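If you want the building blocks of each chain, they are given just below.
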Amino acid sequence: MSYMRSVPRVWRERIIKYRLIGGACKDCGKTFYPYRKACPVCGSENVEQKKLPETGVIETFSVVRSPPTEFVSQAPYIVAIVRLDDGTLVPAQITDVEPDEVREGMRVEAVFRKYREQGEKGIIEYGIKFRPVVSNE
Ligand SMILES: [Zn+2]
């Protein structure tokens, strides 16, 4: 049973996701999310963790109406590439907005939301999503 083994992994990932920690490559200068040990652009392992800004704009998006089984209760939902204010591209779900109201270039901010429950004990994993920034503030 893999249940016990999976717990530490969930907690470790949750800490990283909650703080929106990405990676910064010291060789090519690119930043990326989520953090990984090797730069996805140049392959360098000269990478350090970096706190990323939590606001940006929607670069591109699409509406998913026929998702994998485990996400079917959330359909339709919106997946996007968000360009953070420092230029980092982040693949993420867009939340708190109807699919036909989403626009490229829309200002969004990071929120941390439950995205999956697993097992009868209901281990809950949290992940980052983005929602539109209210424009009248
Ligand atoms: Zn690099």
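Rules and cut-offs
Residues numbered from 1 in each chain as written. Predicted model: local features only at pLDDT ≥ 70, side-chain atom pairs only at ≥ 80, totals over all residues. Heavy atoms only, no water. Donors = N, O, S within 2.8 Å, 3.2 Å for Na, K, Ca; no water. Tetrahedral: all angles 85-135°; square planar, octahedral: opposite > 155°, others 65-115°. Helix = DSSP H or I, 4+ residues; strand = E, 2+ residues; numbered from the N terminus. Buried < 20%, exposed > 50% of the residue type's maximum accessible area, 1.4 Å probe, protein only. pLDDT = per-residue confidence, 0-100. Contact = heavy atoms within 4.5 Å. Salt bridge = Lys/Arg side-chain N within 4 Å of Asp/Glu carboxyl O. Pairing = 2+ DSSP bridges. Core = buried A, V, L, I, M, F, W, Y, C linked by side-chain atoms within 4.5 Å.

- As recorded by an unreviewed UniProt entry, the chain carries the name Zn-ribbon domain-containing OB-fold protein and is attributed to Infirmifilum lucidum.

Digging into the coordination of the zinc ion
Here is step 1 of the chain: Distances from the zinc ion to its protein donors, Cys-25 (SG), Cys-28 (SG), Cys-39 (SG) and Cys-42 (SG), fall at 2.3 Å.
Here is step 2 of the chain: Coordination geometry of the zinc ion: the 4 donor atoms subtend angles of 106 to 117° at the metal centre, consistent with an arrangement described as tetrahedral.
Here is step 3 of the chain: One chain supplies every donor to the zinc ion, and in sequence these donors are spaced C-x2-C-x10-C-x2-C. Taken together, the positions of Cys-25 in strand E1 (residues 21-25) and Cys-39 in the loop between strand E2 (31-32) and strand E3 (47-51) put the pair 14 residues apart, joining distant regions of the chain.
Here is step 4 of the chain: Of the residues examined, Cys-39 reaches a relative accessible area of 4% and is grouped as buried.

Some points on the confidence of the model for the chain
Here is step 1 of the chain: Here the chain shows a mean pLDDT of 83. Residues at 70 or above account for 74%.
Here is step 2 of the chain: For the chain, the element scoring lowest by mean pLDDT is helix H1 (residues 3-18), at 55; strand E4 (residues 55-64) scores highest, at 95.

Looking at the side chain of Gln-93
Here is step 1 of the chain: Mapped onto the elements of the fold, Gln-93 is located in strand E6 (residues 89-94).
Here is step 2 of the chain: Look at Gln-93 and you get buried, because its relative accessible area is 15%.
Here is step 3 of the chain: Ignoring sequence-local partners within four residues, the contact set of Gln-93 consists of Gln-74, Tyr-77, Ile-78, Val-79, Lys-129 and Phe-130.

Quick notes on the pattern of salt bridges
Here is step 1 of the chain: Using the criterion set out here, one finds 7 salt bridges in the structure.
Here is step 2 of the chain: The closest approach of N and O atoms between Lys-50 and Asp-86, which form a salt bridge, is 3.3 Å. Within this pair, whereas Lys-50 is found in strand E3, its partner Asp-86 is found in the loop between strand E5 (77-84) and E6, the two being separated by 36 residues in sequence.
Here is step 3 of the chain: Assessed through its relative accessible area of 30%, Lys-50 is described here as partly exposed.
Here is step 4 of the chain: Residues Glu-109 and Arg-131 are paired through a salt bridge, measuring 2.9 Å at the closest nitrogen-oxygen approach. Note that Glu-109 is positioned in strand E7 (residues 107-118) and Arg-131 in strand E8 (residues 123-132), a separation of 22 residues in sequence.
Here is step 5 of the chain: Residue Arg-131 is classed as partly exposed on the basis of its relative accessible area, which comes to 28%.
Here is step 6 of the chain: Among the charged side chains, a salt-bridge network with shared partners connects Asp-96, Glu-109 and Arg-131.

Things to note about the sheet that holds E1
Here is step 1 of the chain: The antiparallel open sheet is built from 3 strands, whose spatial order is E2-E1-E3. Strands with a single pairing partner mark the edges of an open sheet, and in this sheet they are E2 and E3.
Here is step 2 of the chain: Here E1 runs beside E2; their pairing, made up of 2 bridges, is antiparallel. The residue bridging Gly-23 from the neighbouring strand is Phe-32, located in E2.

Thoughts on the nonpolar core
Here is step 1 of the chain: Ile-58, Ile-94 and Phe-130 are the most contacted members of the largest nonpolar core, which totals 18 residues.
Here is step 2 of the chain: Elements supplying a minimum of two residues to this core: E5, E6, E7 and E8.
Here is step 3 of the chain: The residues contacting Ile-58, other than those within four sequence positions of it, are Ala-80, Ile-81, Ile-94, Val-102, Arg-103, Glu-104, Gly-105, Met-106 and Val-108.

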